[in-house]
Amino acid sequence: MKIFFKILKYTVIIIVAIILFIAFYLSVVTRVTPPEVEEITLEALVEVDGRRMIGSSWLQQNEFGLWEMYVEGEAYERGRISGELAKDLVRYQEEVFVEQITRVVPSRIYLHFLRIMIGYFNRNLDNHIPEEYLKEIYGISKSASDDFNYIGRPYTRMMNYHAAHDIGHALLDYELVDDIDLQLGCTSFAAWNNKTADGRMIAGRNFDFYFGEEFAENIIVKFVRPEKGIPFGFITWGGMIGVVSGMNIEGLAVTINAGKSHLPASSSTPVTIVARDILQYASNIEEACAIAEKHQVFVSESFMITSAKDNMSVIIEKSPQKSGLVVPDTTFILCTNHFQSETFASDEINLKHMKETATAYRFKRLKELVEQKGELTVCDVSAILRNFRGLSGEDIGIGNEKTINQFIAHHAIIFRPDKRKFMVSTRPYIMGPFIEYDMNKIFDSEIENISRKKIPKDTFLLSEQFKLFEDYQRLYDKINRSIAGNEIVCNDTISYFITTNENFFKTYKLAGNYYKSRGDCESAVKYYKIGLNKEIDNFAFRRAIKRQMEECEKR
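Below is a summary of the structure that appears in this document.

Cut-offs used in this document
Residues numbered from 1 in each chain as written. Predicted model: local features only at pLDDT ≥ 70, side-chain atom pairs only at ≥ 80, totals over all residues. Heavy atoms only, no water. Helix = DSSP H or I, 4+ residues; strand = E, 2+ residues; numbered from the N terminus. Buried < 20%, exposed > 50% of the residue type's maximum accessible area, 1.4 Å probe, protein only. Contact = heavy atoms within 4.5 Å. Areas by Shrake-Rupley, 256 points an atom, 1.4 Å probe, with all protein chains shown as cover. Polar contact = N/O pair within 3.5 Å; in protein donor to acceptor, adjacent residues only side chain to side chain. Phe/Tyr/Trp six-rings, centres within 6.5 Å; stacked < 30°, edge-to-face > 60°. Lys NZ or Arg CZ within 6 Å of the ring centre and 35° of its normal. Salt bridge = Lys/Arg side-chain N within 4 Å of Asp/Glu carboxyl O. Core = buried A, V, L, I, M, F, W, Y, C linked by side-chain atoms within 4.5 Å. Disulfide = S-S within 2.5 Å. Pairing = 2+ DSSP bridges. Axes fitted to C-alpha atoms, helices over the stretch in contact; angles between N-to-C directions. Parallel < 35°, antiparallel > 145°, perpendicular 65-115°, else oblique. Left-handed = near helix turned anticlockwise from the far one by under 90°. Nonpolar A, V, L, I, M, F, W, Y, C, P; charged D, E, K, R; others polar.

Side note on the overall build of the protein
- A tally of helices and strands in the protein yields 18 helices and 20 strands.
- Across the 555 residues in the protein, those meeting the buried criterion constitute 57%.
- Looking at the protein alone, contacts between residues at least 24 apart form 66% of all its contacts between residues at least 6 apart.
- Put simply, the protein shows about 23900 Å² of open surface, and 51% of that area lies on carbon and sulfur atoms.

Regarding the environment of Gln-296
- Relative to the helices and strands, Gln-296 is located in the loop between α9 (285–294) and β13 (301–307).
- C-alpha separation for the pair Gln-296 and Ser-268, spaced 28 residues apart in sequence, amounts to 5.7 Å.
- Not counting the four nearest positions on each side in its chain, Gln-296 is found in contact with Ser-268, Thr-269 and Pro-320.
- Among the polar contacts made by the side chain of Gln-296, one reaches the main-chain carbonyl oxygen of Pro-320 at a distance of 2.6 Å.

Focus: the packing of aromatic side chains
- Taken as a whole and judged by the stated rule, the model has 32 aromatic pairs.
- Here Tyr-429 and Phe-469 contribute two aromatic rings whose centre-to-centre distance is 5.5 Å and whose plane-to-plane angle is 75°, an arrangement assigned as edge-to-face. One end of the pair, Tyr-429, is in the loop between β18 (421–424) and β19 (434–438); the other, Phe-469, is in helix α14 (residues 464–484), and 40 residues separate them in sequence.
- Where Tyr-472 meets Phe-504, the ring centres are 6.4 Å apart and the plane angle is 55°; that geometry is what we call tilted. Here the residue Tyr-472 occupies a position in helix α14, and Phe-504 occupies one in the loop between α15 (491–500) and α16 (505–517), the gap between them amounting to 32 residues. Each member of the pair, Tyr-472 as well as Phe-504, is classed as buried.
- Aromatic rings pair up to connect Phe-388, Phe-407, Tyr-429, Phe-460, Phe-466, Phe-469, Tyr-472, Tyr-476, Phe-497, Phe-504, Phe-505 and Phe-541 into one cluster.
- Sitting over the face of the ring of Trp-58, Arg-51 holds its NZ or CZ atom 5.7 Å from the ring centroid.
- Its guanidinium or amino end placed over the ring of Phe-332, Lys-195 lies 5.8 Å from that ring's centre, counting from NZ or CZ.

Examining the pattern of salt bridges
- Across all of its chains, the model carries 26 salt bridges by this definition.
- Residue Asp-395 is joined to Arg-389 by a salt bridge in which the shortest nitrogen-to-oxygen separation is 3.4 Å.
- Between Arg-452 and Glu-436 there is a salt bridge, with the nearest N and O atoms lying 2.8 Å from each other. Of the two residues, Arg-452 sits in strand β20 (residues 451–455) while Glu-436 sits in strand β19, which places them 16 residues apart along the sequence.
- Salt bridges here are not isolated pairs; linked through shared partners, they connect Arg-78, Glu-132, Glu-136 and Arg-276.

Some points on the environment of Lys-322
- When you line up the elements, Lys-322 lands in the loop between β14 (312–318) and β15 (323–326).
- A distance of 3.3 Å separates polar atoms of two side chains, one belonging to Lys-322 and the other to Asp-347.

Quick word on unusual backbone geometry
- Cis geometry is adopted by the peptide bond preceding Pro-428, which originates at Arg-427 and carries an omega value of 5°.
- The phi dihedral of Asn-311 falls on the positive side, at around 55°, and the residue is not glycine.
- Its place among the elements puts Asn-311 in the loop between β13 and β14.
- Take Asn-311: its relative accessible area is 29%, and that puts it in the partly exposed class.

Here's the deal with the nonpolar core
- Formed by 66 residues in total, the largest nonpolar core has its most connected members in Met-159, Ile-278, Phe-303 and Ile-305.
- No other element matches the six residues that helix α8 (residues 271–281) contributes to this core.
- Once residues lying within four places of it in the same chain are set aside, the contact partners of Phe-303 are Thr-255, Ile-256, Val-271, Val-274, Ala-275, Val-314, Ile-315, Ile-316 and Lys-318.
- Counting residues in hydrophobic clusters, the runner-up holds 35 residues, among them Phe-388, Phe-407, Phe-460 and Phe-466.

Concerning the state of the cysteines
- In total, this model carries zero disulfides according to the counting rule given.
- Between Cys-552, a free cysteine, and Cys-521, which holds the nearest cysteine sulfur, the sulfur-to-sulfur gap is 3.6 Å.
- On the basis of relative accessible area, Cys-552 is assigned to the buried category, the value being 3%.

Structural notes on the sheet that holds strand β4 (residues 67–73)
- Judged by pairing direction, the sheet is mixed, and its eleven strands sit side by side in the order β1-β2-β3-β4-β9-β10-β11-β12-β13-β14-β15 without closing on themselves. Each edge of the sheet is formed by a strand with only one pairing partner; in this case those strands are β1 (46–48) and β15. Across the sheet, the mean angle from the axis of one strand to that of its neighbour is 20°, orientation sign disregarded.
- As judged from the three bridges shared by strand β2 (residues 51–54) and strand β3 (residues 57–61), these two strands associate in the antiparallel manner. Within β3, the position partnered with Ile-54 by the bridge is Ser-57.

Observations concerning the sheet that holds strand β17 (residues 411–416)
- With antiparallel pairing, the seven strands of this open sheet are ordered in space as β16-β6-β7-β17-β18-β19-β20. The open sheet terminates on both sides in strands that have one partner only, identified here as β16 (332–335) and β20. Across the sheet, the mean angle from the axis of one strand to that of its neighbour is 20°, orientation sign disregarded.
- Strand direction decides the pairing type here: β19 and β20, joined by four bridges, are antiparallel. Paired with Ile-435 across the bridge in β20 is Lys-453.
- Packed onto the sheet, helix α11 (residues 359–373) meets β6 (187–191) and β16 and runs at close to 150° relative to β16.
- Contacts between helix α12 (residues 378–386) and the sheet are confined to β6, β7 (202–207), β17, β18, β19 and β20, with β17 contributing the most and set at about 155° to the helix.

Looking at the packing of helix α17 (residues 521–532) against helix α18 (residues 539–554)
- Where α17 contacts α18, the two axes come as close as 9 Å, and the packing angle between them is 155°. One element, α17, and the other, α18, form an angle in the roughly antiparallel class. Considering the relative orientation of α17 and α18, their crossing is left-handed. Judged by residue contacts, Cys-521, Ala-524, Val-525, Tyr-528, Lys-529 and Leu-532 of α17 engage Arg-542, Ile-545, Lys-546, Gln-548, Met-549, Cys-552 and Glu-553 from α18.
- A class-by-class count of the residues in the contact of α17 with α18 yields eight nonpolar, one polar and four charged.

Here we look at the packing of α15 against α16
- Contact geometry for α15 and α16: axes closest at 10 Å, N-to-C directions at 165°. Between α15 and α16, the angle falls in the class roughly antiparallel. Crossing hand, α15 versus α16: left-handed. Of the residues in α16, those touching α15 at Asn-491, Ile-494, Phe-497 and Ile-498 are Thr-507, Tyr-508, Leu-510, Ala-511, Tyr-514 and Tyr-515.
- Among the residues forming the contact of α15 with α16, the class breakdown is eight nonpolar, two polar and no charged.

Read these as spatial facts, not as claims about activity.
Laid out in structure tokens, this is it:
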């Protein structure tokens, strides 16, 4: 017996030592040292008629709910000014981000595991981001709240948030988080010459990084006049300097679309930083390709480059292992969430992704709509981005990932590169008015009336179907909470819930989950079977529904 306790004692000591060593190791490898900067004293922040100003930089919110920001100067100065002007927006975005992470990953143990894993992925993140952007991020971090220091120091947190897009879709790819709450599926396209009504370039995109409704509450349309490089504008949120959608004053626009990836083993350059580098330093496609080539990424991504100087668009495709280029032989180009170049023609991960997810279906639907419209106008582009039907106009449920508008978009944007103008969507669900910005005026220091309504709100917002969809959203959340809290929902409520979005498979999946949680397997199986006969947007959901149904049938 003494030998047993002796062995047990040393086993426990060894285990504790290993845990302490791992904790110490992670604290060392995940420590991020801020860049060396020369401290500066900013001019006082003043507010006049709702506009916050520090020197020549400013922030204001327009009548449509969009925040508009202009900053100039060298990197650290830009960061400091951006952080001070939008301190409340930076804090809000971090609150939403942390709260949503907790919702998506409710288990504290699993949350701690993910935190360690992400910290390990990002252990050398600062080695892969140009020093200019490190200084800008560091400047913003000076205005970050101390309330989140339990997660990490402000600079470390701000750095890691810039890899959120990359880590998010890597975790989704490997089903390490709940893919109902975190969705990453974007659509973009461009047309020129005989494919547009006036012969001039048009590009449109939906950015479908969904992290809860609150995440898109405070969209910032930001214009930057850097000390080095090309002045540019992009769509962002508090604390974010990376680019997901933007255009520079040379008429070069950049958008990104997530692809299927291996689970990363270590950090490389976040794709939003690659896009930012292109936007700030490229004036044509050749320069954009050269910048993309020099960066190593740790997830797969498509970069759609639309260039006024080249009068065309291309797609740069990058994975951690290789790169490809899509050069169209038509006067339009389409992009969803799979690769199209010869480089990836036989790539097993990409082919499986096309087979098992919504991307190939959505690509066909996008092509169908673009070809139907003929010569595109900006109103045609907005109508395509807002379209929520399946192939041939079939109703496959509002929110289906196979549709262009999945009612989860953070924003939609329409570029007119040769005019140096772009239009940004407003809430709700990119169905509100599109607001136009003229970059020529903004960078000529004309800051009065910089935005105007260009495209009116979609008439869908006035329809009975929209009222039903609002009820669907409300009841979806209510039923989900009821399942988690083991609460009863009356059968009439479930029946009405079905009518609010009756062609969407997730409606029946949730109804089945509710009845399964109540032990009513007969009702659960009934709804699961109906859901399996609807247009399901990926194999993972089909497998999940079948598994739940089989568990019920065994009882």
